[in-house]
Each structure stands twice: as C-alpha cells, then as structure tokens.
Amino acid sequence: LGRGLIGATAIESLVLEDQGMGLDQLACIRDYLEGNKTLRGIKFLRTHLSGASSLLLNDFFSSNSSLKVLDLTCNPKVDDTTVTEILGAILRNDSCRLETLNVLEKLEGEADAGIGISESGVNFIALFVSKTPSLSVLRLGIRELNDAGIGELANVVRGGYCNITRLEISGRFGDEGMCRFGDEGMLSIAEALRTNQSIRKIDFGMSERLTDRGGQAILQAVQGQDETWQSKITSNHTLQSVYVSEKAGLSMSKSLRTKLQFITTVDSHQTIKGKAWRYIHDNIEDLSSINLEVNLGPHLLA
C-alpha cells in the first residue's frame with residue numbers, strides 16, 4: 001500500500017485509524033508522506049502514534065504547504081514529545097497555513113487515554129498557537145489541562161495576532177477524578193475576551209469546577225463591567241456563544257448556562273449597533289449628558 005501511494009496527488013484527506021497503525025506501519029507510508037504536497041488534512045484516530053513514530057513524520061510536516069487540518073484524537077501514546085515533534089516541524093514550515101488543530105486525548109465513554117500530555121505539552125501548544133495566525137479552530141481535550149495552562153492560552157488569545165474563531169476546552173473526565181481547571185481558567189478567558197476580536201464560539205467541557213463566578217465573568221466581558229457607555233463600547237463584540245457542557249457545569253446554574261449559550265446571533269457590527277440603541281433606550285431621560293453625536297453617532301449610522 002505504501003509503495004502504491006507514492007506519487008498519488010489526488011488524495012486530499014488521510015485518516016489513519018486503530019492500534020494497528022504504529023511505528024512499523026508509519027514507516028511503510030513514510031515515502032508517500034515525505035513527497036506529498038497536496039494533502040490538506042490528516043487524522044490519527046486511536047493509533048499508536050508516539051514520540052518515536054512522530055520522528056518519521058518530520059519531513060512531511062516540515063515541507064507540506066497544503067496542510068490545513070491536523071487531528072490527533074484518542075492516541076494513547078501521544079505525549080509531550082509527540083506534540084513537540086509534530087507541531088515543531090509545522091512551525092519550521094514557512095509555507096504551512098494550518099487552520100484546524102484537534103488534540104483530544106479521549107472521547108467520552110472511551111477507555112483510559114494512556115500516557116497523556118503534561119502541562120509542559122500544553123504550554124508548547126500555546127506557543128504553537130501564538131506563532132500560527134492562520135489557525136481558526138482549536139480543540140483541546142487534555143486530562144492535565146489546568147487553570148495555568150488555560151491562562152497560557154488566554155495570553156495568546158488576547159493578542160491581536162490570534163485569529164481563532166472556535167475554541168473548545170475540555171479536561172479530566174468525571175470518572176478520572178476532579179478536573180484540573182475551573183473558574184480561574186474561565187476568568188483568564190474572560191479577561192482575554194476584552195481585547196480579542198476573533199472568537200465566535202467557546203465550548204467548555206468536562207470540568208466539575210465551573211460555577212456562576214466564571215460564567216458571570218464571561219457575560220461581563222461581553223456586556224460590559226457597568227452601565228457606562230465606555231464600558232459598553234470596550235466590551236467584546238464578537239463572541240456569539242459559550243457552551244458549557246451539562247456535565248462540565250454541574251455547579252453552574254442552568255439559567256446562566258442558557259444565557260451564555262445564546263449571547264447573540266448577529267455579527268460584531270450589528271452587536272455594537274444593538275448596544276448603542278439599548279444604551280440610548282436605558283438613558284432616554286438623560287440624553288443631554290451622553291454627547292450622542294460624538295459617542296454613539298458613528299456606531300448608530302455605520
């Protein structure tokens with residue numbers, strides 16, 4: 001099969017699945033991958049991809065200019081070395097414009113995820129995101145993902161070079177003990193949202209430590225800290241939905257989870273205009289002090 005694939009240019013997506021795909025099998029398709037310039041997506045699902053076997057993929061990831069999607073899902077031997085080797089190779093590839101990165105150690109209902117990625121690996125992923133402005137979708141399901149790791153991601157998200165539109169974060173599953181991230185991680189994301197202008201949707205999954213405190217911080221980042229126009233105009237205008245899994249939000253009220261899930265359905269331009277009209281409505285009896293033409297006019301008429 002490996003010899004037959006060499007030179008194939010019509011294949012745009014490749015899924016490598018199950019435990020039979022390990023070091024020896026990757027060696028068989030190494031020649032195909034090394035010379036490939038057209039593959040747009042590659043997924044490793046429940047394979048034995050590891051730090052050792054990822055070395056065989058260095059040339060592919062450092063030279064393929066078409067790759068848009070990298071999916072590492074439920075691979076029990078994926079560890080810090082694996083993540084560092086693969087993402088490091090992509091960083092060395094100046095032509096690669098990766099758009100989607102999925103690193104999921106485990107899907108719900110599946111067996112133990114194996115070795116796993118540590119806080120060090122999470123930090124390297126954050127570094128990768130900071131150096132990959134083409135990235136628009138990031139899905140992380142990592143058992144050791146804690147508040148500090150989410151804080152590192154938040155520092156990246158708050159920067160003007162971040163173009164992520166969808167962010168999914170999940171930690172330790174309920175049957176594996178207490179999740180390592182909670183409100184502090186959510187507060188870091190909320191603070192990042194005050195300057196981020198790209199994220200549309202956020203999913204929080206598999207955390208039993210999320211409470212109304214973290215949820216309210218997200219709402220304040222979108223609605224404003226207070227009722228002043230300065231607070232409204234400097235709030236986030238792009239976020240449309242924050243989904244908190246029912247399992248993740250056992251300590252968060254249902255009403256708050258609903259508010260977060262349905263923040264808005266319109267784009268940022270319409271969101272700003274809506275905030276301006278609501279502000280006028282709420283301050284209709286004191287419009288003289290608002291300086292309507294200067295402060296709100298540009299947003300109402302744009």
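Structure's up top.
Described in the following lines is the structure provided in the data block. (Residues numbered from 1 in each chain as written. Predicted model: local features only at pLDDT ≥ 70, side-chain atom pairs only at ≥ 80, totals over all residues. Heavy atoms only, no water.)

**Regarding the overall build of the protein chain**
For the protein chain, the helix and strand inventory stands at 15 helices and eight strands. For the protein chain, with 302 residues in total, the buried portion stands at 50%. Contacts in the protein chain between residues far apart in sequence, at least 24 positions, make up 81% of those at least 6 positions apart. Here the protein chain has roughly 14,000 Å² of accessible surface; of this, 50% comes from carbon and sulfur atoms. (Helix = DSSP H or I, 4+ residues; strand = E, 2+ residues; numbered from the N terminus. Buried < 20%, exposed > 50% of the residue type's maximum accessible area, 1.4 Å probe, protein only. Contact = heavy atoms within 4.5 Å. Areas by Shrake-Rupley, 256 points an atom, 1.4 Å probe, with all protein chains shown as cover.)

**A short note on the environment of Thr-132**
Here Thr-132 shows up in the loop between α7 (119-130) and β5 (137-141). Contact partners of Thr-132, with chain neighbours within four places excluded, come to Leu-91 and Leu-98. Here Phe-128 takes part through its backbone oxygen, which lies 2.6 Å from a polar atom of the side chain of Thr-132. (Polar contact = N/O pair within 3.5 Å; in protein donor to acceptor, adjacent residues only side chain to side chain.)

**Quick notes on the sheet that holds strand β8 (residues 241-244)**
Spatial strand order, β1-β2-β3-β4-β5-β6-β7-β8: eight strands in an open sheet with parallel pairing. Edge positions in the sheet fall to β1 (13-17) and β8, since each has one partner strand and no second. When strand polarity is set aside, the average angle formed by the axes of neighbouring strands in this sheet is 5 degrees. Bridge count for β1 against strand β2 (residues 41-45) is five bridges, and the pairing is parallel. Residue pairing across strands places Ser-13 opposite Gly-41, the latter belonging to β2. (Pairing = 2+ DSSP bridges. Axes fitted to C-alpha atoms, helices over the stretch in contact; angles between N-to-C directions.)

**Thoughts on the pairing of strand β4 (residues 100-104)**
Across the five residues that make up β4, a large majority, five, are buried. The two faces of β4 match: Thr-100, Asn-102 and Leu-104 on one face and Leu-101 and Val-103 on the other face are all buried. Inspection of the sheet shows strand β3 (residues 69-73) paired to β4 by five bridges, in the parallel sense. Residue pairing in the sheet places Val-69 in a bridge with Thr-100 of β4. Handedness of the β-α-β unit built from β3, helix α6 (residues 80-91) and β4 comes out right-handed. Here β4 pairs with β5 via five bridges, running parallel. (Right-handed = clockwise from strand over helix to strand, strands pointing away.)

**Description of the pattern of salt bridges**
Should the charged atoms of two oppositely charged side chains come close, the side chains can pair. Under the definition given, this model contains nine salt bridges. Here Arg-143 ties to Glu-105 by a salt bridge, and the two come within 3.3 Å at their closest N and O atoms. Separated by 38 residues along the polypeptide, Arg-143 in the loop between β5 and α8 (147-157) and Glu-105 in the loop between β4 and α7 bring together distant segments of the chain. Take Arg-143: its relative accessible area is 12%, and that puts it in the buried class. Judged by relative accessible area, which is 8%, Glu-105 ranks as buried. Notably, a salt bridge pairs Arg-194 with Glu-191, separated by 3.5 Å at the nearest N-O pair. Since its relative accessible area comes to 23%, Arg-194 is described here as partly exposed. Among the charged side chains, a network of salt bridges with common partners joins Arg-139, Arg-166, Glu-168 and Asp-203. (Salt bridge = Lys/Arg side-chain N within 4 Å of Asp/Glu carboxyl O.)

**Digging into the side chain of Asn-58**
Within the secondary structure, Asn-58 is located in helix α5 (residues 58-63). In this structure Asn-58 comes out as buried when scored by relative accessible area, which is 16%. Among the polar contacts listed, one links the side chain of Asn-58 to the side chain of Glu-85, at a separation of 3.3 Å. Setting aside chain neighbours within four positions, we find Asn-58 in contact with Glu-85, Ala-89 and Arg-92.

**With respect to the nonpolar core**
Of all hydrophobic cores here, the largest spans 71 residues; its most connected members are Ile-42, Phe-61, Leu-70, Ile-90, Leu-101, Ile-189 and Phe-204. Among the elements that take part in this core, α7 stands out by supplying six residues, more than any other. Once you skip the residues sitting within four places of it in the chain, Leu-70 turns out to touch Ile-42, Phe-61, Ile-86, Leu-87, Ile-90, Leu-98, Thr-100, Leu-101 and Asn-102. (Core = buried A, V, L, I, M, F, W, Y, C linked by side-chain atoms within 4.5 Å.)

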